[in-house]
Amino acid sequence: MRVRSTGRCRTGRAAVQSAVGQGAGGGERGGGCDDVVQTWGTATTQVTLPAGRQILTLDQDSGGWNINHLGFTAGSGSPQATLTASPGSLTFADQAVNTTSAARTVTVASSGTATASLAGVTAGGDFAQTNTCGTTLAVGANCTVSVTFGPTAAGTRTGALTLTGNQSNSPTTVGLSGTGTDSAGTNLAAGKPTSESSHTDVYPSSNVTDGNQNSYWESANNRFSQWVQVDLGSARSTSRVVLQLPAGWGARTQTLTLGGSTDGTTFTTLKSSATYTFDPSARNTVTLTFPASAQRYYRVTIAANTGWPAGQVSEFQIWSA
Ligand SMILES: [Ca+2]
C-alpha cells in the first residue's frame, strides 16, 4: 500500500508495515506542510488472511494519513474449495438380506476458502443416499447426506459414499460397511474353529468355515470313515446344517451322519446315517434339518463317497434358525 502524510509531514508507517521505503509516487507539497516536501511512502507487507470476510484496520501513530491506494494481490495459495465429511466412515448394524436399514447421517462441511461446486454424490455397493447438498456449498456451509444399507447378500458388504466436485480433495469419500444376515438366520459356524479325523495334502478342515465354497476339506484317502467338526464356542440351539462341495464339481453321493456334543467327547446323533446327493444343478448343496438341539460341537461323519475315496466338505454351515 501507499500512505501519504498530511499531519506531521513525514513518511508514514502503517500498523502492518514490514518495509517502508521512499515510494515510486514521488513527492508533493500538502496542506499543513508547506515547507516540507511530502514523501510518498510505500509500505508493503504480506499477511495471510483466513477464509471469509475480513476487516482491515490501519492504525496511525499520530496526525493523519491519507491512503492513496490500497491494493491486494493473490498470494501463493489461491482460494480452494475443501469438503470435510463426518464421520469419516460408517458401519451399519447387521441387516437382513433384502431389507433396508434406517438412515445414518453424514455431515458434509465446506471447509476451504472457496465455494465448493458439487458434481455428484453417490453411494456404491448395497448402499443408497439422499442429500441436501445441492450443487454449490458456500464456505462455512454444511449439508447432510442420509445413507441407508440394503444388503443384497449375506456377509460383509462394503461400499463408499463419494462426493465429486471442484474441491481440492475430490473425490471426498466415506467408507461404508455392514453385514447382511440371511433372512433365514445366521450361519453360526462362519469362521469358527474346526477339527478333523484326518486330512490330505493341503485340504484341512479349516476350509469348511472360511465362507468360500471352493476351498474344501478332504480326509485321508481310502480310510473310511472320517469326520470333520465345528466348535461354536458355546452350546447354540440349531435345527439346520448345510453342507457344500465346490459348485462346479461333478455329482456324487456321500453317506454321512450328523452328531452334536456339548463337551466334544460324548456325541448325540442329530441325523442318522443316510446317503445324500451333492449335485451341481443344486450348487452341490445339501441341507440337513433336525429337531432343535443346543450343541457346542457339530460333527459330520462320512462313511462313503461315490466321487472320491475320502470325506469331502467345502462348507459346513450351522444355521441359527
Ligand atoms: Ca470353504
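Residues numbered from 1 in each chain as written. Predicted model: local features only at pLDDT ≥ 70, side-chain atom pairs only at ≥ 80, totals over all residues.

## Observations regarding the overall build of the protein chain
Then, number 1: Counting its secondary structure elements, the protein chain contains zero helices and 22 strands.
Then, number 2: For the protein chain, the residues scored as buried account for 29% of the 321 residues in total. (Helix = DSSP H or I, 4+ residues; strand = E, 2+ residues; numbered from the N terminus. Buried ≥ 20, exposed ≤ 12 C-beta atoms within 10 Å, placed from the backbone.)

## With respect to the nonpolar core
Then, number 1: Ranked by internal contacts, the top residues of the largest apolar core, which has 22 residues, are Val228, Tyr298, Val300, Val313, Phe316 and Ile318.
Then, number 2: Of all the elements in the fold, those that place two or more residues in this core are strand 17 (226-244), strand 18 (252-261), strand 19 (268-278), strand 20 (285-305) and strand 22 (315-319).
Then, number 3: Of all the elements, strand 17 adds the most residues to this core, at five residues.
Then, number 4: Beyond its immediate chain neighbours, meaning those up to four positions away, Val228 contacts Thr194, Glu196, Ser205, Val208, Trp217, Val300, Gly311, Val313 and Phe316.
Then, number 5: Ranked by size, the runner-up nonpolar core spans 20 residues in total, among them Val108, Leu118, Val145 and Val147. (Core = buried A, V, L, I, M, F, W, Y, C linked by C-beta atoms within 7 Å. Contact = placed C-beta atoms within 7 Å.)

## Examining the pairing of strand 9 (residues 116-123)
Then, number 1: The pairing of strand 9 with strand 11 (residues 136-137) spans two bridges and is classified as antiparallel. Considered in strand 11, the bridge of Ala116 is made with Leu137.
Then, number 2: Bridge count between strand 9 and strand 13 (residues 155-165): five bridges; the pairing is antiparallel. Bridge pairing in strand 13 places Gly120 opposite Thr164. (Pairing = 2+ DSSP bridges.)

## Quick word on the environment of Ser225
Then, number 1: Turning to its location among the elements, Ser225 is positioned in the loop between strand 16 (217-218) and strand 17.
Then, number 2: We classify Ser225 as partly exposed; it has 15 C-beta atoms within 10 Å.
Then, number 3: For the pair Ser225 and Ala303, spaced 78 residues apart in sequence, the C-alpha separation works out to 4.4 Å.
Then, number 4: Contacts of Ser225, omitting those with residues within four sequence positions, involve Thr301, Ile302 and Ala303.

## Focus on the sheet that holds strand 8 (residues 104-110)
Then, number 1: Read from one edge of the open sheet, four strands run 5-8-12-10, paired in antiparallel fashion. Across the chains shown, the open sheet's two edge strands, defined by having one partner strand only, are strand 5 (83-86) and strand 10 (127-131). Put simply, the sheet's adjacent strands are angled 25 degrees from each other on average, direction ignored.
Then, number 2: Across six bridges, the pairing between strand 8 and strand 12 (residues 142-149) is antiparallel. Bridge pairing in strand 12 places Thr105 opposite Ser146. (Axes fitted to C-alpha atoms, helices over the stretch in contact; angles between N-to-C directions.)

## Thoughts on the environment of Gly88
Then, number 1: Inspection of the secondary structure puts Gly88 in the loop between strand 5 and strand 6 (89-91).
Then, number 2: Its 11 C-beta neighbours within 10 Å are what place Gly88 among the exposed residues.
Then, number 3: Sequence separation of Gly88 and Thr173 is 85 residues, and the distance between their C-alpha atoms is 7.7 Å.

## Quick notes on unusual backbone geometry
Backbone geometry follows two general trends: most residues other than glycine have a negative phi, and most peptide bonds adopt the trans configuration.
Then, number 1: Of note, the bond from Ser86 into Pro87 is cis; its omega dihedral lies within 30 degrees of zero at 0 degrees.
Then, number 2: With respect to the helices and strands, the residue Pro87 is situated in the loop between strand 5 and strand 6.
Then, number 3: Note the cis peptide between Phe224 and Ser225, where omega equals -5 degrees.
Then, number 4: Not every positive phi belongs to a glycine, and Arg283 is a case in point at roughly 55 degrees.
Then, number 5: Residue position: Arg283 is located in the loop between strand 19 and strand 20.
Then, number 6: A positive phi angle, near 50 degrees, is found at Asn284, a position not held by glycine.
Then, number 7: Of note, Asn284 is situated in the loop between strand 19 and strand 20.

## Describing the confidence of the model for the protein chain
Then, number 1: Considering every residue of the protein chain, the mean pLDDT works out to 84; 76% of them sit at 70 or more.
Then, number 2: For residues 1-36, every residue scores under 50 in pLDDT, and the model assigns this stretch 86 contacts once sequence neighbours within four places are set aside. (pLDDT = per-residue confidence, 0-100.)

## Things to note about the environment of Ser101
Then, number 1: As for its placement among the helices and strands, Ser101 is situated in the loop between strand 7 (95-96) and strand 8.
Then, number 2: Once you skip the residues sitting within four places of it in the chain, Ser101 turns out to touch Phe92, Gln95, Thr148 and Phe149.

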